[in-house]
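# Structural characterization, general
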Amino acid sequence: MKAIEGRAWVFGDNINTDAMAPGLYFKSSMDEMARHCLETVDPHFARDVRPGDVIVAGRNFGVGSAREQAAMALTHLGVAAVLAVSFGRIFYRNALNFGLPALTFPNAATVRAGDVLRVQPVAGRIENVRTAAVFAVPGIPAHLMAMVEAGGLMPWLKVRLAKDTV
Amino acid sequence: MPLPYTLTQKILARAAGRPHVSPGEIVTCRVDLALLLDSGGPRRIWPRLKELGVGVWDPDRIVLCSDHFTPAVDAESAAILQLTREFARHFGIQRFFDMRGIGHVLLAEQGLLAPGMFAVGGDSHSSMGGAFGCFMAGFGAIEMTGVVVTGEIWIQVPETLRVNWSGRFARGVVAKDIALFLCRTLGMENGASVLEYGGETVRNMSIWERMVLTNMAAELGAETGLVEADEVTLAALRTAGRVPAADALDWRSDPDASYSAIHDFSATDLPPQIAAPDSPANSGPVGAYDTVRIDQAYIGACVGAKLSDLRMVAEVLKNRSVARGTRLLVAPASTQAMTEAAADGTLATITAAGAYILPTGCGACAALGAGVLAENEVCISSTNRNFRGRMGANSAQVYLASPYTVAASAVAGRVADPRELLT
Ligand code: SF4
């Protein structure tokens, strides 16, 4: 898996999945839904986020519903990784299932909005270019590594089905 | 003789085909039952099955319910419901409930869950099923695609956190008040844990009230919630026309099982609880908010519009009416609840008080159906989430409370303590 380098968007604790994928846009296209991603938290996020940027958040990022559109809206906008002190359990699984690296990052509070971070999801290494600080964090769990490296659950299922091991 | 185990360990060991499992271990479990809903079900899974060129692993282990987009209100929702019907037909899913109610409630009404079962659902409130002494947890549609293809899912064996309640509730205080109290007290981040509810207060609850506790294990951020099987569980299965298995009551934690923590609470002095915007954890005794004026009172959702909830509403509304300037909307959780409420007079009491009856389904709970809120409106709701924008406009404010408290507030036109009306 490639190393990631991108600008940090910094969020607080308990960012919920309704905020990432509002119910009002459930019947809309992903383009439309992604335009409203996180608008209740930061109205400029969806407009200004650039492909390759990373999200840095506090505790319990992705608390709430099972809606996979929350993780999909982030990947749709080009978010390359989510680094949070902790994650809501379904969001965490959804993110990895879409090949979006989600890493627990206890030192999230050291990052300022706009800092450029270099992230190695497999090794579990986060570097803040501004401060030159380097953090060792838990990488992708071993039992999910092959799935995430394949690009997520769908590519992984294709590999498994081709081998007829399902 | 094996070590003592929690109920969760016993179920996961059985589903994983292992003699025993320990917290932290990653296991692959065979799925006994998978609940798919119209929201994250066929419309998201079918295109992926086509892409993979495969079908479903076992149509008889799938339960499919249309509830989030019912009834259709525009061409998009109509198309979603149509596709859900086609999926059921195409794959021969017999247990398809089309516009019959909210899936989590239907599982209970139909007696489709049983103690010891390992079940999954494509919705976070799938935890509700744990009231039947089974392990049932929620997952995203992408992961449910994997389940539908393989019949398996990985689980990291969670710790079990025991939550005991003792004592009797004051009149007008119910399971929902416990759930809101716990959101504040235990917080919304209990990941890697199963919440096992027990104690005298829980044993004395109906299956429907226990389901409120397990439903809101989702708000507590737990892997899931459950209640050990007992006579109440078996009676609920018999009412649904099922014959409980001979070993049903064996699905309990061993007496000296090891819990990550044990919490003991008393229900005796618990006042009705209310969660202020914008989080279920922002809760406290209802009295602190009694000056808050209400535009809309909403009785709805899997957690808050079952027959037991409608009866609470009717108890409060009997010989009373909804305040001028406030509207009370009621969306029964299932057609069965609606039928029984019509038969026993509950519904007549509610409509005579001036309530407006909405279609059965998820409705305004997640801003998908009738009853959504305008900018700056204030709503008190028997649902389970009040995140910003959850029920409509981003500036709308949602207070969560029990059906008793919602009904009392509808009568007062402001947040009100139901104990004052229930003497
Ligand atoms: S009623 Fe609300 S909480 Fe329950 S399943 Fe429907 S949207 Fe989810």
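Structure report, in brief. (Residues numbered from 1 in each chain as written. Chains lettered and ligands numbered in written order. Predicted model: local features only at pLDDT ≥ 70, side-chain atom pairs only at ≥ 80, totals over all residues. Heavy atoms only, no water.)

When you go through chain A residue by residue, the secondary structure sums to seven helices and seven strands. Compactness check: chain A gives a C-alpha radius of gyration of 15 Å against a globular reference of 15 Å for 166 residues, within 12% of the reference. Scored against the burial criterion, the 166 residues of chain A give a buried share of 57%. Of the contacts formed within chain A by residues at least 6 apart in sequence, a portion of 65% connects residues at least 24 apart. (Helix = DSSP H or I, 4+ residues; strand = E, 2+ residues; numbered from the N terminus. Rg over C-alpha atoms; globule rule 2.2 N^0.38 Å. Buried < 20%, exposed > 50% of the residue type's maximum accessible area, 1.4 Å probe, protein only. Contact = heavy atoms within 4.5 Å.)

What follows covers the interface of chain B and chain A. Taken together, the contact between chain B and chain A spans 44 residues of the former and 34 residues of the latter. Both sides of the chain B and chain A interface together cover about 3500 Å² of buried area, and 58% of this is carbon and sulfur. When the buried surface of chain B facing chain A is broken down by residue, B:Ile142, B:Trp154 and B:Glu189 rank first, second and third, together holding 19% of it. At the boundary of chain B and chain A, one finds eight salt bridges. Between B:Asp74 and A:Lys27 there is a salt bridge, with the nearest N and O atoms lying 3.0 Å from each other. In this structure, the connection of chain B to chain A is made through 17 residue pairs in polar contact (both at pLDDT 80 or more). Elements represented by at least two residues in the side of chain B that touches chain A include exactly helix H2 (42–52), helix H3 (75–91), strand S6 (135–138), helix H5 (141–150) and strand S7 (152–156) of chain B. A per-element tally of the side of chain B that touches chain A places H5(B) first, with seven residues. (Buried area = accessible area lost by both parts, 1.4 Å probe. Salt bridge = Lys/Arg side-chain N within 4 Å of Asp/Glu carboxyl O. Polar contact = N/O pair within 3.5 Å; in protein donor to acceptor, adjacent residues only side chain to side chain.)

Most of the time, phi is negative for any residue but glycine, and the peptide bond is trans. All names here are of chain B. Omega for the bond connecting threonine 70 with proline 71 falls within 30 degrees of zero, at -15 degrees, which places this linkage in the cis form. Inspection of the secondary structure assignment puts proline 71 in the loop between strand S3 (62–66) and H3. A cis geometry characterises the amide bond from proline 277 onward to aspartate 278, with omega recorded as -5 degrees. As for its placement among the helices and strands, aspartate 278 is situated in the loop between strand S12 (273–275) and strand S13 (283–285). Of note, the phi angle at alanine 301 is positive, near 85 degrees, even though the residue is not glycine. By secondary structure assignment, the location of alanine 301 is in helix H10 (residues 301–304). For alanine 301, a relative accessible area of 1% translates into the label buried. The backbone of asparagine 376 shows a phi angle near 70 degrees, a positive value even though the residue is not glycine. Structurally, the position occupied by asparagine 376 is in the loop between strand S16 (356–357) and strand S17 (378–381).

Turning our eyes to something else, we now look at the sheet that holds strand S2 (residues 54–57) of chain A. Residue and element names in this part refer to chain A. Judged by pairing direction, the sheet is mixed, and its seven strands sit side by side in the order S4-S3-S2-S1-S5-S6-S7 without closing on themselves. Whereas interior strands pair on both sides, the edge strands pair on one side only; in this sheet they are strand S4 (102–104) and strand S7 (134–136). Across the sheet, the axes of successive neighbouring strands diverge by a mean angle of 30 degrees, strand direction being ignored. Here three bridges tie strand S3 (residues 81–84) to S4, and the two strands are oriented parallel to one another. Note that in S4 the partner of valine 82 across the bridge is alanine 102. (Pairing = 2+ DSSP bridges. Axes fitted to C-alpha atoms, helices over the stretch in contact; angles between N-to-C directions.)

What follows deals with the nonpolar core. In summary, soluble globular proteins display a tendency toward joint burial of nonpolar side chains. Judged by nonpolar contacts, the single largest core of 96 residues is most densely connected at A:Leu38, A:Phe45, A:Ile55, A:Phe61, A:Leu74 and B:Phe118. Looking at which element gives the most residues to this core, the answer is helix H1 (residues 7–16) of chain B, with six residues. Residue contacts for A:Phe45: discarding those within four places in its chain leaves A:Trp9, A:Phe11, A:Cys37, A:Leu38, A:Ile55, A:Leu74, A:Leu77 and A:Val79. Listed in part, the 64 residues of the second largest apolar core include B:Leu107, B:Met117, B:Ile299 and B:Leu347. (Core = buried A, V, L, I, M, F, W, Y, C linked by side-chain atoms within 4.5 Å.)

Quick look at the pairing of strand S14 (residues 296–299) of chain B now. Residue and element names in this part refer to chain B. Residues Gln296 and Tyr298 line one face of S14 and the alternating positions Ala297 and Ile299 line the opposite face, and both faces are buried. Two strands pair when backbone bridges link them, and S14 and strand S15 (residues 327–330) are joined in this way by four bridges, in the parallel orientation. Paired with isoleucine 299 across the bridge in S15 is valine 330.

To continue, consider the site of the ligand. Near the ligand you find B:His68, B:Ile102, B:His104, B:Asp123, B:His125, B:Ala301, B:Cys302, B:Cys362, B:Cys365, B:Ala366, B:Asn384 and B:Arg390, and these make up its full shell. For the shell around the ligand, the per-class residue count stands at six nonpolar, four polar and two charged. (Near = heavy atom within 4 Å. Nonpolar A, V, L, I, M, F, W, Y, C, P; charged D, E, K, R; others polar.)

Turning to the packing of helix H11 (residues 307–317) of chain B against helix H14 (residues 403–412) of chain B, a few remarks are in order. Residue and element names in this part refer to chain B. One can describe the packing of H11 onto H14 by two numbers: an axis separation of 8 Å at closest approach and a directional angle of 35 degrees. The chirality of how H11 crosses H14 is right-handed. Within the contact between the two elements, H11 uses Asp309, Met312, Val313, Glu315, Val316 and Leu317 and H14 uses Pro403, Tyr404, Ala407, Ala408 and Val411. Of the residues that constitute the contact of H11 with H14, the class distribution is nine nonpolar, no polar and two charged. (Left-handed = near helix turned anticlockwise from the far one by under 90°.)

Let us look at the pattern of salt bridges. Pairing of side chains with opposite charge becomes possible as their charged atoms draw close. Overall, the coordinates contain 33 salt bridges over all chains when judged by the stated rule. Notably, a salt bridge pairs A:Arg47 with A:Asp48, separated by 2.9 Å at the nearest N-O pair. A salt bridge links B:Arg44 to A:Glu68, with the nearest nitrogen and oxygen atoms 2.5 Å apart. With one member in each of two chains, B:Arg44 in helix H2 and A:Glu68 in the loop between S2 and helix H4 (69–76) form a pair that bridges those chains.

With that settled, the discussion passes to the sheet that holds strand S11 (residues 261–266) of chain B. All names here are of chain B. Spatial ordering of the open sheet is given by S10-S9-S8-S11, a layout of four strands whose pairing is parallel. Across the chains shown, the open sheet's two edge strands, defined by having one partner strand only, are strand S10 (224–227) and S11. Averaged over all pairs of adjacent strands, the angle between strand axes in this sheet comes to 25 degrees, irrespective of strand direction. In this structure, strand S8 (residues 159–166) lies alongside strand S9 (residues 193–198), joined through six bridges in parallel fashion. Following the sheet pairing, leucine 161 is matched in S9 by leucine 195. In the packing of helix H8 (residues 207–215) onto the sheet, the strands contacted are S9 and S10, and the crossing angle to S10 comes to about 155 degrees.

This structure, assessed with the given rule, holds 15 aromatic pairs over all chains. Where B:Phe118 meets B:Phe135, the ring centres are 5.5 Å apart and the plane angle is 10 degrees; that geometry is what we call stacked. One end of the pair, B:Phe118, is in strand S5 (residues 118–121); the other, B:Phe135, is in strand S6, with 17 residues separating them in the sequence. With respect to class, B:Phe118 is no different from B:Phe135; both count as buried. Ring pairs connect the aromatic residues A:Phe61, A:Phe87, A:Phe91 and A:Tyr92, which therefore count as one cluster. Across from the ring centre of B:Trp46, 4.5 Å away, lies the NZ or CZ of B:Lys50, which sits over that ring. (Phe/Tyr/Trp six-rings, centres within 6.5 Å; stacked < 30°, edge-to-face > 60°. Lys NZ or Arg CZ within 6 Å of the ring centre and 35° of its normal.)

Bringing the pairing of strand S5 (residues 116–120) of chain A into the picture now. Residue and element names in this part refer to chain A. The alternating pattern of S5 places Leu117 and Val119 on a buried face, while none of Val116, Arg118 and Gln120, on the opposite face, is buried. When strand S1 (residues 4–10) meets S5, the two strands line up antiparallel, connected through four bridges. Looking across to S5, one finds that isoleucine 4 is bridged to valine 119. Note: S5 against strand S6 (residues 125–128), four bridges, orientation antiparallel. What sits directly across from arginine 118, in S6, is glutamate 127.

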